[in-house]
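Spelled out, the chains give:
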Amino acid sequence: MAERLLQASRQRRVKAMTAAAGSAGLAALPLLLCALLVPGGAYVLDDSDGLGREFDGIGAVSGGGPNFGASLHILKVEIGGDGQTTDGTEPSHMHYALDENYFRGYEWWLMKEAKKRNPDIILMGLPWSFPGWLGKHYNWPYVNLQLTAYYVMTWIVGAKHYHDLDIDYIGIWNERSFDINYIKVLRRMLNYQGLHRVKIIASDNLWEPISASMLLDPELLEVIDVIGAHYPGTHTVKDAKLTKKKLWSSEDFSTLNNDVGAGCLGRILNQNYINGYMTATIAWNLVASYYEQLPYGRCGLMTAQEPWSGHYVVESPIWVSAHTTQFTQPGWYYLKTVGHLEKGGSYVALTDGQGNLTIIVETMSHKHSKCIRPFLPYFNVSHQFATFVLKGSFSEIPELQVWYTKLGRPSTRFLFKQLDSLWLLDSGGTFTLELQEDELFTLTTLTTGTKGSYPLPPKSRPFPQVYKDDFDVDYPFFSEAPNFADQTGVFEYFTNIEDPGEHRFTLRQVLNQRPITWAADAYNTISIIGDYKWSNLTVTCDVYIETPEKGGVFIAGRVNKGGILIRGARGVFFWIFANGTYRVTGDLGGWIIYALGHVDVTAKKWYTLTLIINGRFSSGMLNGQYVWTDIPVSFPKNGWAAIGTYSFEFAQFDNFHVEASS
C-alpha cells in the first residue's frame, strides 16, 4: 500500500511541478509548512497503540450523495404518523387499522433517490407521531405494545417489498418517552419476521434515563445496538460510556444555514467524538424545503424552498460536511490521538486500516459557531501554528491532499477549496499549519475529493400571485398536492369513482381521528399555501362536507402561524357547517368570532366558497352570493391562504383558486 501511495504521489508531484497555473491568487490562503517547526503545539497522530472507536458516519434527517457535495453516509427519515412534527404533517402508511399504503408522502421517493446516488447509504426510520387507532383513544403509542411493534415492522417490510429498500436502523419515539417492554417486544417482532439485521437505536432524546435503564436490565442492554441522543452539546454521560454501546448524536445542528450554522456544524462534527465519543452525527435537516416562515426556517444543510421557481442554494454547511464525508466512510476508525488545539479548535484523524489517513482540523470561534441549542460556554480561539507528527503506520505517507474552508467575511471566504498538496517525504512525516479563526482543513491520502459542479439554479421568484389547482390527476406521483403544506390532518389526492363529472378528482382530508401527537396539533385540520407576505387576496374553493350535522369546512387568508405553533394561528377564517350555519373567525381555534349566521348548507353537496380580504376589510360569498361584507380585520396584516376542516373528519376540496395583489 505504501509503495502504491508513493508511486502515485510522485506522479502527481511531477505534474504539479510542471504546471505553472494554480499558484496565482493563493496569497490570502493559509501557510502550510513541511518540517519547519515553529513555536506552538505539536500533535502526534499515531496508531502504534491501536485505534479508537469505529466511525459510523455523518448524516441528515433526509439526504445523500457520494463525492459531490455533502456526500452523506446516513439518511434518517420520519416514519409518517399523520401528526404535526415541526413544520407539517407526514402521512402514515396505515391511516386506519386495516389500511396499508406504501406510496404516501415523499420519504419513499427520497430514500430511493439517496440510494441511486450512494448505494451504501445507511437508512434509518423513526416515528414522531403515530396514527390515532394505535392509541385506542389515548394519546399514547404503548397501549398495545404488540400492535405498535407490528405497525413499525410493517413499515420496514413495506420499504423492502414495494421499494427494495433495506432499513438498517429503527428508532422508538422521537424525543418522547420510551417503554422498556416495547423495545423488547419490537426486537422480538423484528426477529420473528427475519429482520435480525435491523438494529435498534434508543431513545432519540437525552442520554438518560435510557443509559441507566440499560445498565440495570441485561435484556434491554442486549437488544439496543446504539444509544442516540439529541443536541448533546458534544458531551456524553458516564452511564452511556459504561454500556460500551455505540454512541450517536442522532439529531443535531437545527441551525440557520448561514456561516454561523456552518461553524456550528464544523465544530460539532469534530468535537462530538473528541468530547463525547459519538461516532455518528445526524443533522436536522438536510434540505430546508418548507415555507421559510414556518418554525426553523432555513435550518437545513441547503435551501430549496421554492418549488414553483426551482431556485435552490447550496449553503456553506454542505461544504463543511464534505470536509469529513468525502474523505471517510463508515467502517473507518478514529485514531486514539485526537483532541483540542492549544489555542482553540480541535483535530480528529481517521483511518481505513489500509494505509489511508484523513485529518480534519477546525478552529471555529465561539461567536461564529453557536448552534441553536444547547447553550455554548465561552471559549477562545486565536492565531496559532500547529505542528502534526505522523507516526506508526502513517510515518511513511509521502503526500497529503489539502482541502480548505474559511468562513466569515466575503473578501476572505473560501468554501471547500483544494490547495496544493503537502509533500512529506523530506520532512519525516511532520508538517505545520498556520491557523486563523473560523477555518477548516482536511488533509488526506485520498485523491477522490471533488467540489462538484451544478447548473446555475433558476432565479428566485415569489409564489405566483394567481394560482389554481383543480386536482385533476389520474395517477399522481405523490399522494399530496404540490405547494400545499399540511399543518394538521392529511390532505390527499382522491378519486370519486361514483362522480363522473366535474368533481371526479379532488383533494380530500383523510383522517377521521386525532393522531397520537408529537406536538400541539390543532383540533381542526388545516393545509396552508402561498406567500406569507400576501395581504390583499381572494380565495375561492369548491368544498364538500362528508359528515352530516357535525361536519364543517373552511377557507382562510392571512394565516400567520404554522408548524408546532399551528394551534395559535390567527387569520381570517370563513367556515360553513353541515347544520346550516356559517361563521367568520379571526383564529383557527374559533375563539375570535367576527360574524355568524344561517346559510343553506348541508352535508354531501358541493358548494363554492369565496373569501375576499382587502386592506382592513373582508367579505365572503357562498355560490357567488355575498353572505357577509366589509367585516373589519385589523390583525394579522399578512399570511398564507389555507383550507381545512372543523374536526378530524372526511371532507373534499376542488378547484382551488387564489388571486393576491400584494
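Residues numbered from 1 in each chain as written. Predicted model: local features only at pLDDT ≥ 70, side-chain atom pairs only at ≥ 80, totals over all residues. Heavy atoms only, no water.

The name an unreviewed UniProt entry gives the protein is Galactocerebrosidase, with Neovison vison as the organism. Quoted straight from UniProt, the Function (unreviewed entry) entry for the protein says "Hydrolyzes the galactose ester bonds of glycolipids such as galactosylceramide and galactosylsphingosine. Enzyme with very low activity responsible for the lysosomal catabolism of galactosylceramide, a major lipid in myelin, kidney and epithelial cells of small intestine and colon." (UniProt positions renumbered as here; feature names shortened; annotations may be inferred.)

Caption draft 1: Structural view of the state of the cysteines. Applying the stated criterion to the full structure yields one disulfide. The disulfide partner of Cys-264 is Cys-371, and the gap between their sulfur atoms is 2.1 Å. A torsion of 100 degrees about the S-S bond marks the disulfide between Cys-264 and Cys-371 as right-handed. With Cys-264 in helix α8 (residues 259-276) and Cys-371 in the loop between β18 (357-362) and β19 (384-390), the pair connects residues that are 107 residues apart, well separated along the chain. In terms of burial, Cys-264 and Cys-371 fall into one category: buried. Looking at Cys-299, it has no disulfide partner, and the nearest cysteine sulfur is the one in Cys-264, 9.8 Å off. (Disulfide = S-S within 2.5 Å. Helix = DSSP H or I, 4+ residues; strand = E, 2+ residues; numbered from the N terminus. Buried < 20%, exposed > 50% of the residue type's maximum accessible area, 1.4 Å probe, protein only.)

Caption draft 2: Quick peek at helix α9 (residues 316-325). Burial of α9 is extensive: 10 of the 10 residues sit out of reach of the surface. Here α9 has its buried residues at Ser-316, Pro-317, Ile-318, Trp-319, Val-320, Ser-321, Ala-322, His-323, Thr-324 and Thr-325.

Caption draft 3: Main features of the pairing of strand β35 (residues 617-622). In terms of residue burial, β35 counts as a mostly covered element, since five of its six residues are buried. One ladder, built from six bridges, connects strand β34 (residues 606-614) with β35; its direction is antiparallel. Each bridged residue has a counterpart across the sheet, and for Ile-612 the counterpart in β35 is Ser-619. Hairpin connection from β34 to β35: two residues lie between these consecutive antiparallel strands, with Gly-615 at a positive phi of about 65 degrees. Alignment of β35 against strand β36 (residues 625-632), held across five bridges, turns out to be antiparallel. Counterpart to Leu-622 in the pairing with β36 is Gln-625. Once β35 ends, the chain turns through two residues before running back antiparallel as β36, passing Asn-623 with a positive phi of about 50 degrees. (Pairing = 2+ DSSP bridges.)

Caption draft 4: The arrangement of helix α2 (residues 107-117) in detail. Considered for burial, the residues of α2 that qualify are Glu-107, Trp-108, Leu-110, Met-111, Glu-113 and Ala-114. Contacts from the buried residues of α2 go to β5 (74-79), β6 (122-127) and α3 (145-163). (Contact = heavy atoms within 4.5 Å.)

Caption draft 5: Expanded view of the environment of Phe-414. Residue placement: Phe-414 occurs in strand β21 (residues 414-423). Taking C-alpha positions, Phe-414 is 9.7 Å from Ser-316, a pair spaced 98 residues apart along the chain.

Caption draft 6: Highlighting the sheet that holds strand β12 (residues 287-288). Here three strands make up an open sheet; going across it, the order is β12-β13-β14 and the pairing mixed. At either end of the open sheet lies a strand with only one pairing partner, and these are β12 and β14 (311-313). The pairing of β12 with strand β13 (residues 302-306) spans two bridges and is classified as parallel. Within β13, the position partnered with Val-287 by the bridge is Met-302.

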